[in-house]
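If you want the building blocks of each chain, they are given just below.
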Amino acid sequence: MIIVANWKAYVETTEKARTLFSRAKKIAPKTRVRIVLVPPAPFLGMLAPKNKSSVAFGAQDVSTMPGGAHTGESTAQSIAGAGASYVLVGHSERRARGESLADTAQKISHALAHDLIPILCVGERERDTEGKYLAFVREEITAALTPLSPKDRGRVIIAYEPIWAIGKTAADAISPMDLSEMILYIRKVLAEILPGKSSARTKVLYGGSVEPANARQLAGSARIDGFLVGHASVEPAQFVELVHAIS
Ligand code: 13P
C-alpha cells in the first residue's frame, strides 16, 4: 500500500512542515506502507533535498513548460532536482483553475522525462443516473495516457478522486461498494489503453475524505493500492492512525 499525503495549502509554516515530516520519518521504518509527502513547493525545497529517510516526496503540480523565461513556473527538472520522486498532475483543484486535458498530458510527459512518477488525478464532479460520470473519467484517463508511448503509459499512477467527496468527512466519502465498482471500471479502461496485460501492474489509488474512520474498510473492499489523502494528512495524530489502519 502507498499513502500519498497531499498537504495542499494547509501547511503554511516551517514548524508545521517539520513536525509532519518528523512524524512521518518516525513511522516509516515501522510500516510496510510507502509514505509519500507532497508539501507546498517551498517546503518541498526545504525538506526533500536533505532527506535520507524512507519517506518519499512529491510535488503538488509541475509546469507544462521546459526551463526558460517562464516566471513562476516549477519545471519537472527542478522538482526532480529538489529530491521529489512523484508529482501530482490533473488534481481537480488545478483543473478548476484552468488546467486542460492537454495541459495534464503535457505535464505527464515532462515529469516522465525527468524520472518523476506522475500521479494522475481523475474524478467526476457529480454522479448521474445515466452513467455519464463513467465516460468523464474514461476521457480524463484516455486524454492523459494515449499521447504516451506504450511503455510510459505503465509508469503513471492513477488516483481516483471524485470531486464531490473531497474535503468532507468519512461519512460523506464514497461507499466501499461504489469504490469497488469504479476501480473495476478504471482497470477495464486501463486494460484497453496499456499493452498486453501490463495494466494489471498500474497502481490505482483513491482520494476524497479518507480518514482513520473509513480507511480500513475502503482498503479492504476495493482492489486499490493506496490512498491520496488531504486534510487528514496534515493532522499528525490522524496521519499516524491512518498509516496504522491500512498497514
Ligand atoms: P481530502 O482528503 O481533504 O478530501 O482531500 C483529498 C484530495 O484532494 C487529495 O488530493
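For the structure itself, consult the block above.
Along each chain, residues carry numbers from 1 onward, in the same order as the chain's sequence is written. pLDDT decides what is reported in this predicted model: residues at 70 or higher carry local features, side-chain atom pairs at 80 or more are listed and counted, and totals for whole chains, interfaces and linings draw on all residues regardless. Only heavy atoms go into the side-chain values, all of them from the structure, while hydrogens and water stay out.

Caption draft 1: Expanded view of the sheet that holds strand β4 (residues 86–89). Here, a strand pair is defined by DSSP locating no fewer than two bridges between the strands. Each helix is a run of DSSP H or I of at least 4 residues and each strand a run of E of at least 2, with the numbering of both proceeding from the N terminus. Taken together, the 8 strands give a closed barrel; going around it, the order is β1-β2-β3-β4-β5-β6-β7-β8, and neighbouring strands pair in parallel fashion. Averaged over all neighbouring strand pairs, the angle between strand axes comes to 25 degrees, with direction disregarded. Contacts are residue-level and defined by heavy atoms, with any inter-residue pair within 4.5 Å sufficient. Axis definition: a line fitted to C-alpha atoms, over the contacting stretch in the case of helices. Angles run 0 to 180 degrees between N-to-C directions. Each of β5 (117–122) and β6 (157–160) touches helix α6 (residues 132–145); the most contacted strand, β5, lies at about 155 degrees to it.

Caption draft 2: The packing of helix α9 (residues 212–221) against helix α10 (residues 236–246), seen in detail. Between α9 and α10, whose axes approach to 9 Å, the crossing angle comes to 20 degrees. It follows from the interaxial angle that α9 and α10 lie roughly parallel. Between α9 and α10 lies a crossing whose hand is right-handed. In this structure, α9 contributes P212, A215, R216 and A219 to the contact, and α10 contributes Q238, E241, L242, A245 and I246. Note on angle classes: values under 35 degrees are labelled roughly parallel, values over 145 roughly antiparallel, values of 65 to 115 roughly perpendicular, and the remainder oblique. With the far helix as reference, a near helix turned anticlockwise by less than a right angle produces a left-handed crossing, and one turned clockwise produces a right-handed crossing.

Caption draft 3: Seen up close, the site of the ligand. Around the ligand, the neighbouring residues are N6, K8, H91, E161, I166, G167, G208, S209, L228, V229, G230 and H231. Between the ligand and the protein, one listed contact pairs an oxygen atom with a side-chain N or O atom of E161 at 2.9 Å. Contact distances for the ligand include 2.7 Å between an oxygen atom and a backbone N or O atom of S209. Relative to its unbound accessible area of 310 Å², the ligand is 100% covered by the protein chains. Nonpolar residues are Ala, Val, Leu, Ile, Met, Phe, Trp, Tyr, Cys and Pro. Charged residues are Asp, Glu, Lys and Arg, and all others, Gly as well, are polar. Looking at side-chain class alone, the shell around the ligand contains 3 nonpolar, 7 polar and 2 charged residues. When we say a residue is near a molecule or strand, we mean one of its heavy atoms is within 4 Å of it. Polar contact criterion, stated in full: a pair of N or O atoms within 3.5 Å, where within protein one must be able to donate a hydrogen and the other to accept it, and residues adjacent in sequence count only if both atoms are side-chain atoms. Each accessible area value is a Shrake-Rupley result obtained with a 1.4 Å probe; residue values ignore everything except the protein chains displayed when judging cover.

Caption draft 4: Broad picture of the pattern of salt bridges. By convention in these notes, a salt bridge is any Lys or Arg side-chain nitrogen within 4 Å of a carboxyl oxygen on Asp or Glu. Counted under the stated rule, the structure contains 12 salt bridges. Here D61 and R94 are joined by a salt bridge, their closest N and O atoms 3.3 Å apart. Of the two residues, D61 sits in the loop between β3 (56–59) and α3 (76–82) while R94 sits in helix α4 (residues 92–95), which places them 33 residues apart along the sequence. The cut-offs for exposure are 20% and 50% of the maximum accessible area for each residue type, with area from a 1.4 Å probe on protein chains only; residues under the lower value are buried, those over the upper are exposed, and the others partly exposed. Judged by relative accessible area, D61 falls into the partly exposed class, the value being 22%.

Caption draft 5: Broad picture of the packing of aromatic side chains. Here is the rule: rings of Phe, Tyr and Trp (six-membered ring for Trp) pair when centre to centre is within 6.5 Å. Planes less than 30 degrees apart are stacked, more than 60 are edge-to-face, and the remainder are tilted. Under the defined criterion, the tally for this structure stands at 2 aromatic pairs. Both rings, one in Y160 and one in Y206, keep their centres 6.3 Å apart while their planes meet at 50 degrees; by these two values the pair is tilted. Note that Y160 is positioned in strand β6 and Y206 in strand β7 (residues 204–207), a separation of 46 residues in sequence. A relative accessible area of 0% means that Y206 is categorised as buried.

Caption draft 6: Here's a closer look at the packing of α6 against helix α8 (residues 176–193). For the pair α6 and α8, the least separation of the axes is 10 Å and the interaxial angle reads 40 degrees. As α6 runs across α8, the sense of the crossing is right-handed. Across the interface between the two elements, Y133, L134, A135, V137, R138, I141, T142 and L145 from α6 touch M182, Y185, I186, K188, V189, L190, E192 and I193 from α8. Partitioning the contact of α6 with α8 into residue classes produces 12 nonpolar, 1 polar and 3 charged.

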